[in-house]
Amino acid sequence: MANRLFDFGMIGLGVMGRNLLLNMADHGFPVLGFDRDAAKTQALETSATAGTTVKGTGSLEELVQGLARPRRIMMLVPAGKPVDDVIDSLMPLLDEGDVIIDGGNSHYTDTLRRVKYVKSKGFHFMGMGVSGGEKGARFGPSIMPGGDVQAYNNVKPMLEAVSAKVNGSPCVDYMGHDAAGHYVKMVHNGIEYGIMQLISESYSLLQHAGLTNAQLHDVFAKWDDGDMHSFLIEITRDIFLKKDDKTGKDLVDLISDKAGSKGTGKWTSQDALDLPVPITVIDTAVALRNISSFKEDRVEIAKIYPGVEKINVAQEAMVEQVHDALYFATLISYIQGLAMLQSASAALNMEIPLQNVVRIWRGGCIIRSGLLETFYQVYVKNPNLSNLLLDETIAGLIKSKLANTRTIVAEAAKAGIPVAAIASALSYFDAYRTERLPTNLVQAQRDYFGAHTYQRIDMEGTFHTEWQ
Ligand SMILES: NC(=O)C1=CN([C@@H]2O[C@H](COP(=O)(O)OP(=O)(O)OC[C@H]3O[C@@H](n4cnc5c(N)ncnc54)[C@H](OP(=O)(O)O)[C@@H]3O)[C@@H](O)[C@H]2O)C=CC1
Ligand SMILES: O=C(CO)[C@H](O)[C@H](O)COP(=O)(O)O
């Protein structure tokens, strides 16, 4: 290793760690990466761009000794125990003022604990969300740092250099106090779950309308070129054309319908229930991944309740209706996630700047889309908006897609096609636009069986009635 000092160290040279480190090297920073697996340290070095300074090591001591001070060390290892293990093996080797960054998908409560623990030992610790997958990490992710401001300022120039750019603006900014970076990333992933479920329901509807994979490709290509431009629509477009190299068939048709998950969607729903904030599209997306895993039961139940009716709409009209329903429900998925961030920011004193959240989500991340620019303009006008449904630009978009959304949800229900996430988006919207909900009856029932009391609309105070 000679006496060269490196600018940045990475622990964990898997999909994200290796690519982000190579991205840093491409931007002129000499970097050093550690992995327990020699094949990964070697892969790091062999995939480096010519002329960049990239070095791999299997020794944590060597990594620490090779870095300029104060040291900047990021880990991109699986969430949970591996993060604690890395912190514990790293700290004895560090000097006061060194910065440790957890760039993985850690639960924000773990981050809160680690911030305090690492600070008590004299080091800086920052929880940071990174989104964009393999390609994003390599060529420009969206980066969500939070917590220790000193640590953030220390790495800010590097993060800005490697992040995606939209209109020259880097897709990285300070997301707020404590574990705000990981909180924002968690909700990003919740929205991601929601949109992915909505796209899969749209795919199902269009299949029922008789579209082939080649036609689905063309429809998604058109949508991506229009008002529904987004990363997830773009990759879906490409998926429909991918051939299986083993059989020559369309690969998407050969993939099992059991969807896996690593937990961030579930965490979003769990935390939303605790706040409490309704995020019905995200909850439904999590539930549908769970339903997907009960394959054996689904196969048996399908035998007892067979048959899906034909949807009685012409193909071209149905494509238009599905477009509008997907647009509408995608809007609602973002709206719910952002309303959750607004509430969580206040509840946990994170001071999350929503305007900057949507600004840095415009590029690099998995949920980047044309809609983010619209949200950004809305928050520039009114940074403290509690729910985007209150904004007139958003209201215009919602209203323009509503009739077709209602039609397709009704048709899907009549035909027996599951569109739970689209329907839950519509019901959320209808509930929010209902001035008087039937929950007066729920209050009466609670008081009837549990003397839980209720309030009246015609007089002040709290009341209880002997109902029998
Ligand atoms: N993949 C993605 O698209 C994204 C992932 N993330 C998050 O980034 C983090 C890393 O993900 P990803 O790169 O995909 O994961 P990978 O599995 O590709 O890489 C993880 C790396 O961590 C190392 N590692 C695991 N346990 C330890 C440990 N106890 N000590 C030291 N190193 C360890 C592994 O080394 P070894 O091979 O020796 O086990 C491996 O090199 C996760 O939190 C993930 O959720 C965030 C955004 C996107
Ligand atoms: O953070 C990510 C993207 O933003 C990861 O790809 C994440 O693992 C996706 O979640 P899941 O595996 O639960 O679908």
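Residues numbered from 1 in each chain as written. Chains lettered and ligands numbered in written order. Predicted model: local features only at pLDDT ≥ 70, side-chain atom pairs only at ≥ 80, totals over all residues. Heavy atoms only, no water.

Draft legend 1. Structural view of the nonpolar core. By size, the foremost hydrophobic cluster in this structure holds 88 residues, and its most contacted members are Leu205, Trp223, Leu341, Trp361 and Phe375. The biggest single contributor to this core is helix H15 (residues 315-347), with 16 residues. Split by domain, this core shows at least three residues from each of two domains, domain 1 (8-174) and domain 2 (187-432). Among all residues touching Leu205, those that are not within four sequence positions of it are Ile311, Met318, Val322, Ile408, Ala412, Ile417, Val419 and Ile422. If you look at the next biggest cluster of nonpolar residues, it comprises 29 residues, including Phe29, Met126, Ile143 and Val172. (Core = buried A, V, L, I, M, F, W, Y, C linked by side-chain atoms within 4.5 Å. Buried < 20%, exposed > 50% of the residue type's maximum accessible area, 1.4 Å probe, protein only. Helix = DSSP H or I, 4+ residues; strand = E, 2+ residues; numbered from the N terminus. Domains from an automatic or database assignment. Contact = heavy atoms within 4.5 Å.)

Draft legend 2. Representation of the site of ligand 1. Near ligand 1 lie 19 residues; those nearest to it are Val15, Met16, Asp35, Arg36 and Lys40. In the model, an oxygen atom of ligand 1 is placed 3.4 Å from a nitrogen or oxygen of the Gly14 main chain. One of the backbone N or O atoms of Val77 is found 3.2 Å from an oxygen atom in ligand 1. Protein coverage of the free-state accessible area of ligand 1, which is 900 Å², stands at 75%. Secondary-structure elements contributing two or more residues to the shell around ligand 1 are helix H1 (15-26) and helix H4 (81-90). The residue inventory of the shell around ligand 1, partitioned by class, reads 10 nonpolar, five polar and four charged. (Near = heavy atom within 4 Å. Polar contact = N/O pair within 3.5 Å; in protein donor to acceptor, adjacent residues only side chain to side chain. Areas by Shrake-Rupley, 256 points an atom, 1.4 Å probe, with all protein chains shown as cover. Nonpolar A, V, L, I, M, F, W, Y, C, P; charged D, E, K, R; others polar.)

Draft legend 3. Looking closely at the site of ligand 2. Taken together, Asn105, Ser131, Lys185, His188, Asn189, Glu192, Tyr193, Ser261, Lys262, Gly263, Arg289 and Ile366 make up the full set of residues near ligand 2. Here Asn189 contributes a side-chain N or O atom positioned 3.0 Å from an oxygen atom of ligand 2. If one sorts the elements of the shell around ligand 2 by residue count, helix H8 (residues 180-208) sits on top with five residues. Broken down by class, the residue content of the shell around ligand 2 amounts to two nonpolar, six polar and four charged.

Draft legend 4. Structural detail: the sheet that holds strand E6 (residues 124-131). One open sheet accounts for seven strands, arranged E3-E2-E1-E4-E5-E6-E7; its pairing is mixed. Here the strands that pair on one side only, and so sit at the sheet edges, are strand E3 (54-57) and strand E7 (142-145). Between one strand axis and the next, the sheet turns through 25° on average, direction left out of account. Note that strand E2 (residues 31-34) and E3 share four bridges and pair parallel. Paired with Leu32 across the bridge in E3 is Lys55. Contacting strand E1 (8-11), strand E4 (72-75), strand E5 (99-102), E6 and E7, helix H7 (residues 149-162) runs over the sheet at an angle of about 30° to E6. (Pairing = 2+ DSSP bridges. Axes fitted to C-alpha atoms, helices over the stretch in contact; angles between N-to-C directions.)

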